[in-house]
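Analysis of the macromolecular model
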2 protein chains.
Amino acid sequence: MNLTVDGERLRKDIERNAAFGDVDAETGRGRTVLAGSQANERARDALVTRFEETGLDVRIDAVGNILGRWRPSSVDPDVSPVATGSHLDSVPEGGIFDGPLGVYAGLEAVRTLQDAGFEPDRPIDVVSFTEEEGGRFSSGLLGSSVAVGERSVEQARALMDEQGRTVDAALEEIGYRGDGVVDAGSWDAWLELHIEQSDRLEDAGISTGAVTAITGINHCEARIIGEANHAGATPMGERTDALAAASEFVLDVESAAKEATAESETAVGTVGSLDVQPNATNVVPGAVELGVDVRDVDHSVMDTIVERATQSLARLERERNVETEFERPFDLEPVPMSDRCRDAIHAAGANSAIETMDIHSGAAHDSMHVAKVTDAGMLFAPSRYGISHNPREWTDWEECRRATRVLTGALAKLTAQ
Amino acid sequence: MNLTVDGERLRKDIERNAAFGDVDAETGRGRTVLAGSQANERARDALVTRFEETGLDVRIDAVGNILGRWRPSSVDPDVSPVATGSHLDSVPEGGIFDGPLGVYAGLEAVRTLQDAGFEPDRPIDVVSFTEEEGGRFSSGLLGSSVAVGERSVEQARALMDEQGRTVDAALEEIGYRGDGVVDAGSWDAWLELHIEQSDRLEDAGISTGAVTAITGINHCEARIIGEANHAGATPMGERTDALAAASEFVLDVESAAKEATAESETAVGTVGSLDVQPNATNVVPGAVELGVDVRDVDHSVMDTIVERATQSLARLERERNVETEFERPFDLEPVPMSDRCRDAIHAAGANSAIETMDIHSGAAHDSMHVAKVTDAGMLFAPSRYGISHNPREWTDWEECRRATRVLTGALAKLTAQ
């Protein structure tokens, strides 16, 4: 069967979506589309219109997840669907591909299968999950957490933004407070196409990655307490400088992560945030708070890096006389993708002469949730220079087309009994 | 002559002043007295009342500096006065001694000389300078900058706080927008008693320090630019982490300052402020700004530390591939105190059996300005644990009395021709 993805049609969809919440950017093309915002409403409306034009049955669930189902009359309505999709929301001043590529590639795959006269044995659901990025109501993956039963509808709707506005009220306002729940457990399989957000595909010159696993994630919080004092009147030998101690900690975390890559090359450790008290040029820093991000596909390697971080703090207590605190409030296990889905991706690549490679995901995705209740797979398209969450995020249109072609082939394979 | 300082009278003055702008504090006793505030108005009113009770001629100048002159009728009005004083304003949540001790000790010295029947050959001016601490209108030393001609009255009055309120308007509102300018150049000599803000006197068990010099001060700004990227998706080997680079810089500045103490034990170097962009746990830091404070009594040693800081940045550019920027916008030369004033302090200590020692000042004071136009000296009283700019700032009342006794003796010596 000749599956010809219409790259131009896909490009137009993504560019139309890019106009919602678009921001001025020196370089590239950015957008700010927080869940439940006006920009999000317009992006949702446009998607629903496209779904309807494609003959999909559209459903909005209780937390605003949007689902468009293609079920030709020949398909038994009781057969489990295969689903695909991603999200339409963005981080503040994010890029135009992160999320929308996967949603519109899912739609384009359905259109391609329709155009080719393909007759699936299962329905195909194209999905846009609510607030994948987080940052307004949640720490992210909101819609998919409800779809897999991790969070109840009531819990999700009660979440509030900084202004005290609930998910419930925000969805009501934009007209996307629907009924029932998209049930990811009812799917036979799930595929999500997303930009890579790293440059391994670009470096390898390969158009599509088949994700092996999504790394586990730890967010840790460290606090180092010294003694604030006058920067002029406190001799060097009499200081308990919390920032100097924190600087050693930052470098220790970096070393620990670098050394861990010898055991598992996917390991990363980052001190991403650092806040100094009182943070005045003429005061010896009295306290520092640090946010540490640790990830790997192997949870025991994450444990090793976290252990090294706590050892660093213990050393600083001894050597620099500071007090320290450490917490590990957020600990997501690594999530392997299903072999069946990954095989379908590689086979679809081979059938369409598009090279694929195994690759891990260092970023979290809704697929982490979906993988808990059904076979899940992810496809990556190359990210120029690996940049994401930034207006300079870019994936060539031809690469979008190729990855969508692989997605289409994989969906065809998974929906053929 | 028997000069008996009334420690109880001095304590009452300082405690009365401590009630203006007092703040709740877990430990100690704090106050917030910003220049031109209501608390500042009440503190000024109380001082003026005390001056008048003591028979001083009170003058308010065009920038709100308060001067109370004691000139017995026997003293020729054309003879240059000897002046003493400090400031009544505080940092936010500062202590009760920093500033007020020097103002009220000056008043107490005059009362002591009057009580003893001392007949000076020069008038004695007791002075409270406007906004020594800064933080509302200026970076500090505001009133003294006008008194020595560094700033014009017009420039000073036009300075604005964050709400756009001028010095002029704030002084008018509290009734302290006077006329003319206190002319520090007309003084024969100047003495300022201040708390040490360090613990060298306490450690040595000595009641009064005679300041040899006030250190020079550099404030430098460093900027390190790396590449913000996804903390999960960016392998360790492909990062340009601005915070990891900044951490090396912080430790390099600390090492440079520690090593400089071998040449000049008064040298200090501090990275007091550090701001990360975007400062999110899950993003590799893209840029860091740092505020560096460097001080010493020897300017060439300050140069050495600053040079080492710039060498560190050059190394980080090579080794970590970051871009860096460095500025040194604030460069105050060290200011030696006058030998004549210092001799008067040591002599007054010896005459009253109060031990004195030479000591440098790592903090800036109005005396830095005054020293440009006349002979200036400073006396330090011990600071418990060296703490200042904090409600835990403390100087024992007996130490306040002793230091005031030395000040009184030194004023007697300087006003006797």
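Here the structure is shown first, and the text comes after it.
In this report, we go over the structure that sits alongside the text. Values in this document were obtained by computation on a predicted structure and should not be read as measured data.

Points about the side chain of asparagine 65 of chain B
Residues and elements named next belong to chain B. Position of asparagine 65 among the secondary structure elements: in the loop between β3 (57-60) and β4 (66-70). By relative accessible area, asparagine 65 is classed as buried at 0%. Separated by 3.1 Å, the side chain of asparagine 65 and the backbone oxygen of glycine 143 make a polar contact. Beyond its immediate stretch of four places on either side in the chain, asparagine 65 contacts Arg59, Ile60, Ser128, Phe129, Thr130, Gly143, Ala147 and Val182.

Some details on the interface of chain B and chain A
Contacts between the two partners involve 54 residues from chain B, matched on the other side by 53 residues from chain A. Each partner contributes to the roughly 4,100 Å² buried at the junction of chain B and chain A, and carbon and sulfur atoms together form 55% of this total. Among the residues of chain B in contact with chain A, His230, Met236 and Thr281 of chain B are the three that bury the most area, contributing 16% of the side total. Taken together, chain B and chain A are joined by two salt bridges. Between arginine 320 of chain A and glutamate 254 of chain B there is a salt bridge, and its shortest N-O distance comes to 2.7 Å. Taken together, the links from chain B to chain A amount to 10 residue pairs in polar contact (both at pLDDT 80 or more). Elements represented by at least two residues in the side of chain B that touches chain A include exactly β10 (229-230), α8 (242-260), β11 (268-277), β12 (283-284) and β13 (287-296) of chain B. Residue composition of the side of chain B that touches chain A, by class: 21 nonpolar, 21 polar and 12 charged.

Considerations on the packing of helix α1 (residues 7-18) of chain B against helix α12 (residues 397-415) of chain B
Residues and elements named next belong to chain B. With their axes 9 Å apart at the nearest point, α1 and α12 run at an angle of 110° to one another. In terms of their interaxial angle, α1 and α12 are classed as roughly perpendicular. Judged by the twist between their axes, the crossing of α1 over α12 is right-handed. Residues Gly7, Leu10, Arg11, Ile14 and Glu15 of α1 touch α12, and the partners they reach there are Trp397, Cys400, Arg401 and Thr404.

Here we look at the packing of aromatic side chains
In this structure the tally under the stated criterion is 12 aromatic pairs over all chains. Look at tryptophan 394 of chain B and tryptophan 397 of chain B: their rings are 5.7 Å apart centre to centre, the planes differ by 85°, and that puts the pair in the edge-to-face class. Residue class for tryptophan 394 of chain B comes out partly exposed when judged on its relative accessible area of 24%. Among the aromatic side chains, those forming a connected cluster through ring pairs are Phe97, Trp394 and Trp397 of chain A. Above the ring of tyrosine 176 of chain A, the side-chain terminus of arginine 44 of chain A is found at 5.0 Å from the ring centroid.

A word on the sheet that holds strand β14 (residues 323-332) of chain B
Residue and element names in this part refer to chain B. The four strands lie next to each other as β11-β13-β9-β14, forming an open sheet whose pairing is antiparallel. Lying at the two open borders of the sheet, with one neighbouring strand each, are β11 and β14. Direction aside, neighbouring strands of the sheet carry axes that sit 15° apart on average. Across 10 bridges, strand β9 (residues 216-225) lies against β13 in antiparallel orientation. Along β13, the bridge assignment pairs isoleucine 217 with arginine 295. Sitting on the sheet, α8 is in contact with β9, β11 and β13, with an inclination near 170° to β11. Contacting β9, β11, β13 and β14, helix α9 (residues 299-320) runs over the sheet at an angle of about 170° to β14.

Rules behind the numbers
- Residues numbered from 1 in each chain as written.
- Chains lettered and ligands numbered in written order.
- Predicted model: local features only at pLDDT ≥ 70, side-chain atom pairs only at ≥ 80, totals over all residues.
- Heavy atoms only, no water.
- Helix = DSSP H or I, 4+ residues; strand = E, 2+ residues; numbered from the N terminus.
- Buried < 20%, exposed > 50% of the residue type's maximum accessible area, 1.4 Å probe, protein only.
- Polar contact = N/O pair within 3.5 Å; in protein donor to acceptor, adjacent residues only side chain to side chain.
- Contact = heavy atoms within 4.5 Å.
- Buried area = accessible area lost by both parts, 1.4 Å probe.
- Salt bridge = Lys/Arg side-chain N within 4 Å of Asp/Glu carboxyl O.
- Nonpolar A, V, L, I, M, F, W, Y, C, P; charged D, E, K, R; others polar.
- Axes fitted to C-alpha atoms, helices over the stretch in contact; angles between N-to-C directions.
- Parallel < 35°, antiparallel > 145°, perpendicular 65-115°, else oblique.
- Left-handed = near helix turned anticlockwise from the far one by under 90°.
- Phe/Tyr/Trp six-rings, centres within 6.5 Å; stacked < 30°, edge-to-face > 60°.
- Lys NZ or Arg CZ within 6 Å of the ring centre and 35° of its normal.
- Pairing = 2+ DSSP bridges.

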